[in-house]
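Each chain is listed here by its residues.
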Amino acid sequence: MPDTLLAAAELWHVEGDTITLQTGLYDLDCPLRGTADGLRLTQGMGLAGMAWKVATPSIVTDFSVAAADRPLAAAAAGLGAAVLIPQFKAGQLTSVLVLFLRGGTRAVGAAELWTGRSGSFELAMGQAWHTGKALQRFANISKHVHFPQGAGLPGRVWENGRPELVPDVSETKMFLRSSGDGGKELSVGLGLPLIAGIKLQAVLLLLSARTGPIARVHEIWEPDPDDPDQLVRRQGTYGLLQDFADASAKLSFSIQGKGEGLPGRAWATRQAVLIDDLDHAGLPRRETAHAAGLTHGLAIPTVVADTVRSVVVLLW
Amino acid sequence: MSNDNRYVEIVNLVKAYPNPLGDAIKVVDGYNLIIRKGEVISVIGHSGCGKSTVLMMLAGLNPLTSGDVVVDGRVTDGPGPDRAVVFQAPCLLPWLTAYDNVMLGVKRCYPHASKSDRDAIVKYYMNSVGLTHALNKYPREMSGGMQQRVGIARAIALKPKVLLLDEPFGRLDSLTRMDLQDTILDILNREKITTMLVTHDVDEAVYMADRICMMTNGPEARVGQILEIPFERPRDRAEVMGSNLYYDLRASLIGFLEKNEKERPDEVAPTTDPNAPTPEATYEAQWDEESTERGAGLEVMAVAF
């Protein structure tokens, strides 16, 4: 089973003047497990508090900085970066999703935030983390690449205001940066619009290698045009999990009530949903998930003007 | 925000040709590009991808199927002296001398100037391209490189807002090509003319441009991505080519061309379900300037696009 780029994920919830851990997804032996239990962070404290304070997405690569909590645990977990994603409801920041990405000598992958610049009408790379020697040139060149609206993966995500999966960035002509030596290592790419209200804050790109995909299952769910109460799969990338792919092809999830399955729940709550026991979570695909060895599930909704437009589901 | 940042705006440009066997064929589809005042932008891509089509639409010499071209705040409608074109072939009138070929445009653009003023303008630009000695030569008496210099002088003498260069060095030998590249760069450094250069030559694109627009393969070609060339101006060829970054940028462009060469649209597996719902109309694709200005570590974003 490959090491996924996603090492762990946490959802922090704002309660009054503090932010606390609501749910965390960790491997059994992950040193981060349990370290955030009971932590009550104020604005600017720790990773979640920092994201809460600035209310914009960011990428943290230095876990030893004063603002980062649990530096020892992060180092022990072999983390390379954390992506901090604020989530909003009715214009207020209500929670912060933290994605921990695997570092170390064997890891190959990237997280990039593509943002606008004053005086420019294109996306340029803001904060970024690239790991793996093979991506050195890719990282160097990326600093000089810009995307107008509709161009490249970031430009398309910006234009559509919807997430997009690229099953193999090294193969598709739609991902031009992967040309050249560095990009050959890359495989699954995910572009995620990070939106506050109706305005785009940044486009997050997660890029992973064949040896370590972002997760083991990557999906995007959206309402069925013929039945808007049902979510159907728009895109899916499953690696070797063909049975799971087959089982997911014809599925749909209701968004009525509390919502069905991971996508339905994220749709109903309008915030990220993290489940660390797919086996017992009462989800429609639990048996196939169990057979595939999947235990963790993360659903990230794309919310525009308090209306969910799309849900990204990552399982590993 | 200063309007200068949007000196040339190419918005959702589409060029479609009728197809007797079915739907019109869109050669270019959804091409978006903003060019800043005084910027030199190279357009690079495979043969037939639509580079020259975009340039000709910008020149007003090829009608748009849809979309807009705005130059200095005005929507263009057909060709005009504010946009001068230099083609691969010099296209000089063979019965006129070099001087008279340049004077032809100067007369049209400066109808109220005195004869001596016009004469000064022609001689100034002929001198700019190093042809003071060849004013009275006919095209048949000049080499290809000299003819192209006349073509460049003719274009620049119009004092255009936008200079459009369609593979202007394509027929020249390497030495003449480099010489002429430097001549044009000297003029552009001095005159600050906003320029679009269509080229196949990777080295030329990197050396001459502030940014390189990499076009996807056609049909339905559009901007694939834009590469910023961070070398300071005025540029020194040896210095630029001695830089490690030059080779990284060059390798990236070559990789892009190789990748596009290998792939054809029908070989690319669709990544999106054909029945996917269309995006809702509520999304405005704007930057959240307010919140990002507060943000630590992120650069301040632009005002709403």
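Keep in mind that this is a model prediction, so the values were computed, not measured. (Residues numbered from 1 in each chain as written. Chains lettered and ligands numbered in written order. Predicted model: local features only at pLDDT ≥ 70, side-chain atom pairs only at ≥ 80, totals over all residues.)

Asker: Give me the lowdown on the overall build of chain A, citing residues and values where you can.
Answerer: Along the backbone of chain A there are seven helices and 18 strands. The globule rule puts the C-alpha radius of gyration for 316 residues at 20 Å, and the 18 Å found for chain A is close to it. Taken along the three principal axes of its C-alpha coordinates, chain A extends 45 × 45 × 40 Å. Across the 316 residues of chain A, 60% fall into the buried class. Long-range pairs, those at least 24 residues apart, make up 56% of the contacts in chain A with a sequence separation of at least 6. (Helix = DSSP H or I, 4+ residues; strand = E, 2+ residues; numbered from the N terminus. Rg over C-alpha atoms; globule rule 2.2 N^0.38 Å. Buried ≥ 20, exposed ≤ 12 C-beta atoms within 10 Å, placed from the backbone. Contact = placed C-beta atoms within 7 Å.)

Asker: Any details on the overall build of chain B? Residues and values, ideally.
Answerer: Within chain B, the regular secondary structure consists of nine helices and eleven strands. Going through the 305 residues of chain B one by one, you find that 41% of them count as buried. Within chain B, residue pairs in contact and separated by at least 24 positions form 67% of the contacts whose partners lie at least 6 positions apart.

Asker: Before we move on, can you summarise the environment of Asp29 of chain B with the specific residues and values?
Answerer: Residue and element names in this part refer to chain B. Inspection of the secondary structure assignment puts Asp29 in strand β2 (residues 22-35). According to the C-beta neighbour criterion, Asp29 is buried, with 22 such atoms within 10 Å. Leave out the neighbours within four places in its chain, and Asp29 touches Val14, Glu220 and Arg222.

Asker: Tell me about the nonpolar core, residues and numbers included.
Answerer: Core analysis: the largest hydrophobic core is formed by 184 residues, its most contacted members being Val98 of chain A together with Met196 of chain B. With eight residues, the top contributor of residues to this core is strand β12 (residues 199-209) of chain A. Those residues in contact with Met196 of chain B that sit more than four places away from it in its chain are Ile35, Ile41, Val43, Leu55, Leu58, Val162, Leu164 and Leu165 of chain B. (Core = buried A, V, L, I, M, F, W, Y, C linked by C-beta atoms within 7 Å.)

Asker: A description of the confidence of the model for chain B should follow, citing residues and the corresponding values.
Answerer: Residues and elements named next belong to chain B. Mean pLDDT over chain B works out to 85, with 84% of the residues at or above the 70 mark. Per-element mean pLDDT across chain B ranges from 39 in helix α9 (residues 289-294) up to 98 in strand β8 (residues 194-198). Every residue in residues 264-282 is under pLDDT 50, and counting partners more than four places away or in other chains gives 26 contacts. Here the prediction assigns the complex a pTM of 0.86, and the interface score ipTM is 0.80. (pLDDT = per-residue confidence, 0-100.)

Asker: Residues and numbers for helix α4 (residues 144-156) of chain B, please.
Answerer: Residues and elements named next belong to chain B. Compared with the 18 Å implied by 1.5 Å per residue over 13 residues, the 18 Å span of α4 between its first and last C-alpha is a close match. Among the 13 residues of α4, eleven are classified as buried, and the element is accordingly described as predominantly covered. Buried within α4 are the following residues: Met146, Gln147, Gln148, Arg149, Val150, Gly151, Ile152, Ala153, Arg154, Ala155 and Ile156. The inward-facing, buried residues of α4 contact β6 (83-86), α2 (98-109), α3 (115-128), β7 (162-166) and α5 (174-191). (Expected span 1.5 Å × (residues − 1).)

Asker: Explain unusual backbone geometry to me, using residue names and the numbers behind them.
Answerer: For residues that are not glycine, phi is negative in most cases, and the peptide bond is trans in most cases. Residue and element names in this part refer to chain B. Cis rather than trans, the peptide bond between Gly218 and Pro219 has omega equal to -5°. With respect to the secondary-structure elements, Pro219 resides in the loop between β9 (211-215) and β10 (223-228). With a phi close to 45°, Asn12 is a non-glycine residue in the positive phi region. Relative to the helices and strands, Asn12 is located in strand β1 (residues 8-19).

Asker: Explain the pairing of strand β14 (residues 227-237) of chain A to me, using residue names and the numbers behind them.
Answerer: Residues and elements named next belong to chain A. Bridging between strand β13 (residues 217-224) and β14 involves seven bridges; their strand directions are antiparallel. Its bridge partner being in β14, Asp224 is matched across the sheet by Asp227. In sequence, β13 turns back onto β14 through a hairpin of two residues. By the bridge criterion, three bridges tie β14 to strand β15 (residues 252-254) in an arrangement that is antiparallel. The partner of Val232 across the bridge, within β15, is Ser252. (Pairing = 2+ DSSP bridges.)

Asker: Before we move on, can you summarise the packing of α2 of chain B against α3 of chain B with the specific residues and values?
Answerer: Residue and element names in this part refer to chain B. In contact at an axis separation of 9 Å, α2 and α3 are set at 125° when each is read in the N-to-C sense. When the axis of α2 is compared with that of α3, the two are oblique. Of the two possible hands of crossing, α2 and α3 adopt the one that is right-handed. In contact with Ala98, Tyr99, Val102, Met103, Val106 and Lys107 of α2, α3 contributes Arg118, Ile121, Val122, Tyr125 and Met126. For the contact of α2 with α3, the residue count by class is nine nonpolar, no polar and two charged. (Axes fitted to C-alpha atoms, helices over the stretch in contact; angles between N-to-C directions. Parallel < 35°, antiparallel > 145°, perpendicular 65-115°, else oblique. Left-handed = near helix turned anticlockwise from the far one by under 90°. Nonpolar A, V, L, I, M, F, W, Y, C, P; charged D, E, K, R; others polar.)

Asker: Account for the environment of Leu58 of chain B, naming residues and giving values.
Answerer: All names here are of chain B. In this structure, Leu58 sits in helix α1 (residues 51-59). By C-beta crowding, Leu58 is classed as buried, having 24 other C-beta atoms within 10 Å. With 49 residues separating them along the chain, Leu58 and Glu9 place their C-alpha atoms 9.7 Å apart. Sequence-distant contacts of Leu58, defined by excluding residues within four places in its chain, comprise Ile10, Val69, Arg83, Leu164 and Met196.

Asker: Talk me through the pairing of β6 of chain B; I want residue IDs and the actual numbers.
Answerer: Looking along a regular strand, one sees side chains alternate from face to face of the sheet. Residues and elements named next belong to chain B. Every second residue of β6 is oriented toward a common face, with Arg83 and Val85 on one face and Ala84 and Val86 on the other, all of them buried. Of the strand pairs in this sheet, β6 and β7 are connected by four bridges, and their pairing is parallel. Bridge pairing in β7 places Val85 opposite Leu164.

Asker: With reference to specific residues and values, describe the sheet that holds β2 of chain B.
Answerer: Residues and elements named next belong to chain B. Reading across the sheet, the four strands line up as β2-β1-β4-β5 and stay open at both edges, with antiparallel pairing between neighbours. Unpaired on one side and paired on the other, β2 and β5 (74-75) mark the two borders of the sheet. Contacting β1, β2 and β4 (66-71), α1 crosses the sheet at an angle of about 115° to β1.

Asker: An account of the sheet that holds strand β5 (residues 79-89) of chain A is requested, with residue identities and associated values reported.
Answerer: Residues and elements named next belong to chain A. Spatially, six strands are ordered β3-β2-β1-β6-β5-β4 in an open sheet, and the strand pairing comes out antiparallel. Whereas interior strands pair on both sides, the edge strands pair on one side only; in this sheet they are β3 (40-41) and β4 (58-60). The pairing of strand β1 (residues 6-15) with strand β2 (residues 18-26) spans eight bridges and is classified as antiparallel. Bridge assignment links Ala8 to a residue of β2, and that residue is Tyr26.

Asker: Give a detailed account of the packing of α4 of chain B against α5 of chain B, specifying residues and quantitative values.
Answerer: Residue and element names in this part refer to chain B. Between α4 and α5, whose axes approach to 11 Å, the crossing angle comes to 15°. Comparing the axis directions of α4 and α5 gives the class roughly parallel. Seen from above, α4 lies across α5 with right-handed handedness. Of the residues in α5, those touching α4 at Gly145, Gln148, Arg149, Ile152 and Ile156 are Thr176, Leu180, Thr183, Ile184, Ile187 and Glu191.

Asker: Describe the environment of Asp246 of chain A, listing the residues and the values that go with them.
Answerer: Looking at where Asp246 of chain A falls in the secondary structure, it is placed in helix α5 (residues 242-249). Judged by C-beta crowding, with 11 C-beta atoms within 10 Å, Asp246 of chain A ranks as exposed.

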